[in-house]
Structures are given as C-alpha cells and as structure tokens.
Amino acid sequence: MTVLAAGDVSPGLLGFTVVALIAVALYFLIKSMNKQMSRIKVPHGADEDDTKAE
C-alpha cells in the first residue's frame, strides 16, 4: 500500500468535471433567470397615481 503525503493529493479529472458541470448549470440558470425577470411588468409612478385617483 502506497501512502501519499498531504500535498500529493489532488481532485483530478473527476473533481474538474464536477466543477465544470456546476459552472455550466449555473450559466444556464442565470440565463433563464434573466429571461424570466425581463418578463415581469413593473408599475411605474404614473400608473400608481391613476389607480389611486379612481
């Protein structure tokens, strides 16, 4: 059995793949969130004054 020193251990290809997949998922989630946020109708100050007058 080979004993590795603390500095010799690295995440390797599996660790890189997991981090890369999380980054890709984050990119698509942010892209989707921006699309959804742009669809929200925000009332402006003039619109609020009209509804209070009625």
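Details of the structure are given in the entry above.
These figures come from a predicted structure and were not determined experimentally. As a convention, each chain's residues are numbered from 1 in the sequence order in which they are written. Per-residue local features of the predicted model are confined to residues with pLDDT of at least 70, and side-chain atom pairs are confined, for both listing and counting, to 80 or more; whole-chain, interface and lining totals are unaffected and use all residues. Hydrogens and water molecules were not included; the side-chain quantities draw on all heavy atoms of the structure.

Caption draft 1: Representation of the overall build of the protein within the structure. Counting from the N terminus, the helices are DSSP H or I runs at least four residues long and the strands are E runs at least two residues long. Along the protein, the regular secondary structure elements total two helices and zero strands. The buried label goes to any residue with under 20% of its type's maximum accessible area, the exposed label to any with over 50%, and the partly exposed label to all in between, with areas taken from a 1.4 Å probe on protein chains only. In the protein, which comprises 54 residues, the share counted as buried stands at 0%. Computed with the Shrake-Rupley method and a 1.4 Å probe, the accessible areas treat only the protein chains shown as cover for residues. Of the roughly 5,400 Å² of accessible surface on the protein, 67% is carried by carbon and sulfur atoms.

Caption draft 2: A look at the packing of aromatic side chains. Two aromatic rings from Phe, Tyr or Trp, using only the six-membered ring of Trp, form a pair when their centres are within 6.5 Å; if the ring planes differ by under 30 degrees the pair is stacked, by over 60 it is edge-to-face, and anything between is tilted. Applying the stated criterion across every chain, the model contains one aromatic pair. Seen from their ring centres, Y27 and F28 are 5.3 Å apart, and the 70 degrees between their planes marks the pair as edge-to-face.

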